[in-house]
Amino acid sequence: MALMIKISDIAAELELSRVTVSAILNDRYQKLGISEKTAQRVLAQSETMGYVPNRNALSMRTGRSLTIGMLSSSISEGWGAKILVGALRAIQPTQYSLRVETVHGAEEERGALKRLLESRIEGLYCCNINPAAETDEFFKLATERYGVAVASTNCSFSFPHARIESDNSNAVMNLMEHLVELGHNQIAHIGGDRSSEVSRERGEAFLRCVEYFNLKPDECPVLFSDWELDNARTAARQLLELSEPPTAIFCANDTIAACVLQVANDLNIMVPDELTVVGMTNERLSQLTIPSLTTVGIPGEVIGNAGMVALIELIESKREIATHEITRYPCTPVFRDSSAAARPL
């Protein structure tokens with residue numbers, strides 16, 4: 001069995017002191033006046049010998065865990081996976097390691113946070129966590145007690161932390177403007193639930209657009225699906241069986257929009273000739289439905305990357321956040337075959 005390469009092995013090979021090699025491998029050599037030429041020799045030799053830093057030793061020496069925790073309820077979904085990929089790419093060139101927990105519901109959220117705190121994480125990145133008041137208070141007190149920096153995406157925490165989000169408001173505006181330009185003025189909305197941050201933002205943005213474009217609120221109903229397929233189909237059927245059904249349905253995500261397409265097909269309603277359907281998030285399925293879905297792309301990897309970078313900056317600056325700091329990233333409309341001019345009344 002091959003032995004692990006140690007700093008002392010590299011020092012012996014180059015006839016340098018262990019202190020010198022350690023300073024170079026830990027990027028402290030400039031402070032000690034070690035030349036760039038020597039630094040390059042050490043880095044090249046460490047690469048040749050296959051040296052891998054011992055994070056446990058570094059943690060013991062610095063008294064820090066150098067570990068960041070991540071909680072997500074959406075890793076199995078396309079956009080949630082992109083958030084994780086972005087976060088991983090941000091953390092790879094740093095000294096930190098990432099421990100990920102996938103959770104669903106209050107009990108799993110609390111249990112996962114306890115496990116992460118037991119491993120003495122220095123930061124916590126949360127994705128799509130929308131806790132009830134009791135769990136929200138638990139997160140607040142626990143992270144404060146252990147001095148854990150917090151960043152989030154698509155979460156509804158009440159306590160101050162760094163938020164990195166998609167620009168849901170402008171994304172909804174772009175799609176609603178598209179629908180109005182196509183002549184639609186009877187536009188329904190099928191949202192997610194009544195508690196999650198992303199559903200709330202998209203629903204409120206829809207209602208603002210109804211007012212902005214001078215549409216009649218009673219002709220632009222809002223229904224909720226709780227992000228469940230059967231509920232989405234029920235809501236779609238309820239809308240499409242009205243005596244005066246909407247000419248367009250704006251859905252909070254592409255999965256809901258796909259459910260609307262299924263119901264329209266069952267009712268022999270032609271999309272987009274008789275009904276326009278649009279979604280959000282630009283999931284892979286949006287290109288596979290018939291017709292393909294008009295939607296809006298969420299820059300998941302960019303958001304995940306930015307969220308992790310912001311969290312690391314909080315950890316290293318030891319800065320406390322007095323208010324919610326929200327950084328939003330623009331979304332890109334994707335116009336496909338499910339949207340067309342409104343049918344004549």
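Everything quoted here is computed from the prediction, not taken from an experiment.

K.L.:
Pulling in residues and values, what's your account of the environment of Leu-84?
P.N.:
With respect to the helices and strands, the residue Leu-84 is situated in helix α5 (residues 78-91). Look at Leu-84 and you get buried, because its relative accessible area is 15%. Taking the C-alpha atoms as reference, Leu-84 lies 8.7 Å from Ser-72; in sequence the two are 12 residues apart. Not counting residues up to four positions away in its chain, the partners in contact with Leu-84 are Met-70, Ile-75, Leu-98 and Val-100.

K.L.:
Which residues make up the nonpolar core, and what values do they have?
P.N.:
Counting 43 residues, the largest nonpolar core has Tyr-125, Met-176, Phe-250 and Met-308 as the members making the most contacts within it. The element that contributes the greatest number of residues to this core is helix α12 (residues 300-317), accounting for seven residues.

K.L.:
Run through α5, naming residues and quoting values.
P.N.:
With 14 residues, α5 extends 20 Å between its outermost C-alpha atoms, agreeing within 8% with the 20 Å of an ideal straight helix rising 1.5 Å per residue. Of all the positions in α5, only Trp-79, Gly-80, Ile-83, Leu-84, Gly-86, Ala-87, Ala-90 and Ile-91 are classed as buried. What you see down the axis of α5 is that its buried residues fit within an arc of 160 degrees, all on one side. Where the residues of α5 are buried, they touch β1 (67-72), β2 (97-102), β3 (123-127), β4 (149-153) and α12.

K.L.:
Account for a nonpolar patch on the surface, with residues named and values stated.
P.N.:
Nonpolar side chains collect at one region of the surface, where Leu-207, Val-222 and Phe-224 lie side by side and expose about 230 Å² of accessible area between them. Note that Phe-224 resides in strand β7 (residues 222-224).

K.L.:
Break down the sheet that holds strand β8 (residues 248-251) for me, with residues and values.
P.N.:
Spatially, four strands are ordered β7-β6-β8-β9 in an open sheet, and the strand pairing comes out parallel. Two strands close off the open sheet at either side, each with one partner strand: β7 and β9 (276-278). The sheet shows a mean angle of 20 degrees between the axes of neighbouring strands, taken without regard to direction. Two strands pair when backbone bridges link them, and β8 and β9 are joined in this way by three bridges, in the parallel orientation. Bridged to Ile-249 within β9 is Val-277.

K.L.:
Run through the packing of helix α1 (residues 7-14) against helix α3 (residues 36-49), naming residues and quoting values.
P.N.:
Between α1 and α3, the shortest axis-to-axis distance is 10 Å and the interhelical angle comes to 115 degrees. Like other packed secondary-structure pairs, α1 and α3 cross with a definite hand, here right-handed. Mapping the contact onto sequence places Asp-9, Ile-10, Glu-13 and Leu-14 in α1 and Arg-41, Val-42, Gln-45, Ser-46 and Met-49 in α3. Here the contact of α1 with α3 is built from residues that sort into four nonpolar, two polar and three charged.

K.L.:
An account of the packing of aromatic side chains is requested, with residue identities and associated values reported.
P.N.:
All chains considered together, the criterion is met by five aromatic pairs. Both rings, one in Phe-138 and one in Phe-139, keep their centres 6.4 Å apart while their planes meet at 80 degrees; by these two values the pair is edge-to-face. Judged by relative accessible area, Phe-139 falls into the buried class, the value being 0%. A connected cluster of aromatic rings, assembled from ring pairs, spans Phe-138, Phe-139, Phe-157 and Phe-159. A cation over a ring is seen here: Arg-110 above Phe-138, with NZ or CZ 4.2 Å from the ring centre.

K.L.:
For the sheet that holds strand β11 (residues 325-329), give the residues involved together with the corresponding values.
P.N.:
Here six strands make up an open sheet; going across it, the order is β2-β1-β3-β4-β5-β11 and the pairing parallel. Each end of this open sheet is capped by a strand with a single partner; those strands are β2 and β11. Here the average twist between neighbouring strands, direction ignored, is 20 degrees. In the sheet, strand β5 (residues 162-166) pairs with β11 via five bridges, with the strands oriented parallel.

Rules used throughout
Residues numbered from 1 in each chain as written. Predicted model: local features only at pLDDT ≥ 70, side-chain atom pairs only at ≥ 80, totals over all residues. Heavy atoms only, no water. Helix = DSSP H or I, 4+ residues; strand = E, 2+ residues; numbered from the N terminus. Buried < 20%, exposed > 50% of the residue type's maximum accessible area, 1.4 Å probe, protein only. Contact = heavy atoms within 4.5 Å. Core = buried A, V, L, I, M, F, W, Y, C linked by side-chain atoms within 4.5 Å. Expected span 1.5 Å × (residues − 1). Arc of directions from axis to C-beta. Patch = residues over 30% accessible without salt bridge, like charges linked within 9 Å, V, L, I, M, F, W, Y side chains within 5 Å. Areas by Shrake-Rupley, 256 points an atom, 1.4 Å probe, with all protein chains shown as cover. Salt bridge = Lys/Arg side-chain N within 4 Å of Asp/Glu carboxyl O. Pairing = 2+ DSSP bridges. Axes fitted to C-alpha atoms, helices over the stretch in contact; angles between N-to-C directions. Left-handed = near helix turned anticlockwise from the far one by under 90°. Nonpolar A, V, L, I, M, F, W, Y, C, P; charged D, E, K, R; others polar. Phe/Tyr/Trp six-rings, centres within 6.5 Å; stacked < 30°, edge-to-face > 60°. Lys NZ or Arg CZ within 6 Å of the ring centre and 35° of its normal.

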